[in-house]
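For reference, the chains in residue letters:
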Amino acid sequence: MHRANSALSMASPKKIASLLINGSNRGKILSALASRPYNSAASEPFLNGTTSNYVEEMYNNWLRDPSSVHTSWDAYFRSNTYSAPPNLAPAMRNMVPLSSVSGFSGVSTGAPDEKIIDDHLAVQAIIRSYQSRGHLAAELDPLGILNPESSISKDGVARRANEAVLRQHSWFMMGEHDMERQFKLPSTTFIGGNETHLSLREILNRLENVYCNKIGVEFMFINSLEQCNWIRKRFETPSVMNMTSEEKRLILARLTRATGFEAFLAKKFSSEKRFGLEGCEMMIPALKQLIDVSTELGVESVIMGMPHRGRLNTLANVCRKPLHHIFTQFAGLEAADDGSGDVKYHLGTYIERLNRVTNKNIRLAVVANPSHLEAVDPIVQGKTRAEQFYRGDNEGKKVMSILIHGDAAFCGQGVVYETMHLSDLPDYTTHGTIHVVANNQIGFTTDPRFSRSSPYCTDVARVVNAPIFHVNADDPEAVMHVCKVASEWRATFHKDVVIDLVGYRRNGHNEIDEPMFTQPLMYQKIKKLKTTLDLYADRLIAEGTVTVEEVKSVAEKYEKICEEAFELAKKETHIKYKDWLDSPWSGFFEGKDPCKVSPTGLKEETLVHIGNRFSSPPPNAAEFVIHKGLLRVLAARADMVEKRIADWAMAEAMAFGSLLKEGIHVRLSGQDVERGTFSHRHHVLHHQLVDKATYTSLCHLYPDQAPYSVSNSSLSEYAVLGFEHGYSMTNPNALVLWEAQFGDFANTAQCIIDQFISSGQAKWVRQSGLVMLLPHGMEGMGPEHSSCRFERFLQMSSDDPDYFPPESDEFAVRQLHDINWIVANCTTPANYFHILRRQIALPFRKPLIVATPKSLLRHPEARSSFDEMSENTEFQRIIPECGSASSNASNVKKLIFCSGRVYYDLTKARAENKLEADVAIARVEQISPFPFDLAKKEAEKYKNAEIIWAQEEHKNQGSWSYVQPRFLTALNSERDIS
């Protein structure tokens, strides 16, 4: 026994704690400890001597932080065998680290107190409950109609249930007698600031103030602890929302301008639609705060997209568009430049200015948008991505996007979801977008209970783990704090974030609409409400930050600015559409002959070089394992180069490669474009044994070439086509292409085609060289995968069927200049090669719609010699008959005009029937603008022939309806076409 005691007396603290936990020989162990040689009083009781001090110190350290002691001591204190000393402070006796999920009774019974354990767990659950569900009880609605007691509330019963869940721990599991008890705060909350312990009452008060006040924070669905803690810290830290007097004055000034602008327009243009921001004027200071904070964090360019509500106010007070330009839009003046123009609340702008708050230069662009509220979303994202790309901003630190939404549109329109899902894709991400929802709590005349199934209009953002900050728009300081946090979130994590600015709409859908027809109770409340400006001014006056005279002075000063601009606007005689351009191309049009097209043919050595590179495996071919089928494809390509011919894929690669050589960025995007729907392109080779190891030959043609991007997109047409259109708006010296998986899928993106691509230049003086590749061909694949609905694009072409332009050497380029877009159906790889290169060779930019082939991709006759792509060759708008019929034109009985794949069917039938001398076949490669001059020339050559149009589509589809009246114009109605 003596030897055992001696051994224990020399044991390490780790060993001692381990033995103490077992408890069977606890008395003997303590006795041995009391006789340790380093004790000053060997006979002292254990808990009163040096050993007692040591253990007590360890216990206190463990209470503060369980990880600060050795794991053996941690296990001992968790085991409940240690009794706290009587002299321990009362507050400390009842304290247990929440992270230890255990408790102590504070009396020397040696038994655990289960109530304390449960109470600490309840406190932790309370905190988490507020973090998760506090937003459900927050005071977000200025109208009060979302409150549980409201008869107008959509979710009254649900909200009462949610509040019960929220507060069940605090009100039902713990009583008033627990309110003054102290609890250690867990690491998952920051409500204590520098304090580590708070009473239950204070914990509840702080949680209520953070999560159930004028801000509702949705973030606990985010699967990153770092991000959740980041958000907690920004909202929970005490005094985090405190503002200086100067900051409050700035808010007041900005809110005064936002409110004053709408009031001025209402006074001067009372009968005009302007889609004002009354009821949600805080959106303007909010946007300015987002820009200020982002600018301070390094952003130099902000691209914004928004619907019509509040657009004029945004242009005036966020972008600082000259006010007289805006007022002139109300005057109904004639335009000084070409185009149809658009209503004032659809227009965009581009401004470079000094941010006076941060003293840094900032570029602001508001992208023009049609009435299709959310259609601009992917346009903005594409434009933002392009600007980031050309700036080398690979992390989105210099360029960012802000999207403003309406509540009904944000949850109701599918393009929001499609665009959201581009947010984290490598070739489409913009490294975080700030979404601001101007929540009027109504969509035109439709209540939320009829317009969405989700609790909030912002729930779509949860799918991409974007935090959602709901805020009452009648609390300007809360709005400012939310905007600051949102900007910092975007700069820190480069992910999307949503601000739900909950306000109301003081007028109807527009200023001449009567909302009482459909929302009588809501508008009875609205009529009684003070404006946000009045509420905030009263608040600042009451706290002594400003005086009544100062508030009045700020308002009068802005009123005077508006009056001066109004008088200046009266002197204007014309409006200029170019003043509203959202994507200027500085220097692009300067010094260019608008009727001169650069050559599209190439030196043969360039063709051969690109062809050889396109046919070659990676340089490390011995290590890079390629699929055996692709080895055959590469061998076939090499054979074509040897024979000086190109198929469709080769011609496309030569067009791309030559533009890259000339410093032109090429971007090809769409579903499965890397391989190609029909397995013909194979621009990206994949290592068969190593995941994600790829090789793209077009990226390795020349050491100083431009970058080539080929990107498989998400399974979306609407958002991705919009994205690429926005991308094409940024830089005219780039070839941007979108390819549909099958041509008919383009109809899913019809809004982008109708409202932006076909009409963008006429409405907004905005050019785009976007190329749409639409696989087309009636080849037995069923009704869906056959036609790209060619007729729809032709129907939207802007040329006059009855007008034959004056013939000249510049006939073709003038036609291209005057039309809204180009529509083509090529029959040869060479012509496809030329029309792609012509997109960059033109001195202006037009969208190009190409019906691309399917079966012709491998058709043995659909080949082009290098001679057709070499120097001094060009795109042929019409390919005339070149066979025996051409040399005996007077005896030809039929002249058939056609386009696309059907040409090869016609030549086959003609050969089978031995009609080569009797039937001439001419191919119309460029359908729109219609080649009047060449059609006339070809018809005059075959004066005795019957003229026929042949197409593979039904008569009410394809090109027939478009070409028939134009043929009659070209033939001067002297001959008919059937």
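Refer to the structure above for everything that follows.
Residues numbered from 1 in each chain as written. Predicted model: local features only at pLDDT ≥ 70, side-chain atom pairs only at ≥ 80, totals over all residues. Heavy atoms only, no water.

Engineer: Help me out: how do you make sense of the overall build of the protein in this one?
Structural biologist: Across its full length, the protein carries 34 helices and 25 strands. Each of the 978 residues in the protein was classed as buried or not, and the buried ones make up 58%. Of the contacts made within the protein by residues no fewer than 6 positions apart, 79% connect residues no fewer than 24 positions apart. Of the roughly 40500 Å² of accessible surface on the protein, 51% is carried by carbon and sulfur atoms. (Helix = DSSP H or I, 4+ residues; strand = E, 2+ residues; numbered from the N terminus. Buried < 20%, exposed > 50% of the residue type's maximum accessible area, 1.4 Å probe, protein only. Contact = heavy atoms within 4.5 Å. Areas by Shrake-Rupley, 256 points an atom, 1.4 Å probe, with all protein chains shown as cover.)

Engineer: In this structure, what is going on with the side chain of Ser787? I would like to understand it.
Structural biologist: Assignment of secondary structure puts Ser787 in the loop between β17 (771-775) and α29 (790-795). Within the structure, the side chain of Ser787 is placed 2.9 Å from the backbone nitrogen of Arg789, a separation counted as a polar contact. Ser787 has contacts with Gly743, Asp744, His776, Met778 and Gln957, leaving out every residue within four places of it along the chain. (Polar contact = N/O pair within 3.5 Å; in protein donor to acceptor, adjacent residues only side chain to side chain.)

Engineer: Looking at this structure, I do not really get the side chain of Asn831. What am I missing?
Structural biologist: Among the secondary structure elements, Asn831 is positioned in helix α31 (residues 829-841). Polar contacts involving the side chain of Asn831 include one to the side chain of Glu925, which spans 2.9 Å. Once you skip the residues sitting within four places of it in the chain, Asn831 turns out to touch Cys826, Glu874, Phe875, Gln876, Ile879 and Glu925.

Engineer: In this structure, what is going on with the sheet that holds β17? I would like to understand it.
Structural biologist: Whether parallel or antiparallel, the strands of a sheet pair through hydrogen bonds between backbone atoms. The strand order β15-β12-β16-β17-β19-β18-β24 describes an open sheet built from 7 strands, whose pairing is mixed. Edge strands, defined here as strands with exactly one partner in the open sheet, are β15 (708-712) and β24 (926-928). Across the sheet, the axes of successive neighbouring strands diverge by a mean angle of 20 degrees, strand direction being ignored. Summarising the sheet, strand β16 (residues 734-739) and β17 pair through 3 bridges and their orientation is parallel. What sits directly across from Glu739, in β17, is Leu773. Most of the contacts of α31 go to β16, to which it runs at about 130 degrees, and overall it touches β16, β17, β18 (822-824), β19 (848-852) and β24. (Pairing = 2+ DSSP bridges. Axes fitted to C-alpha atoms, helices over the stretch in contact; angles between N-to-C directions.)

Engineer: Please explain the environment of Leu770 as it appears in this structure.
Structural biologist: Note on placement: Leu770 falls in the loop between α28 (760-764) and β17. Of the residues examined, Leu770 reaches a relative accessible area of 1% and is grouped as buried. Leu770 sits 69 residues away from Gln839 along the chain, and the two C-alpha atoms are 8.7 Å apart. Residues in contact with Leu770, not counting those within four places in the same chain, are Leu721, Glu724, His725, Ser728, Val736, Trp738, Ile757, Gln839, Lys846, Pro847 and Leu848.

All quantities given are derived from atomic positions and should not be read as evidence of function.
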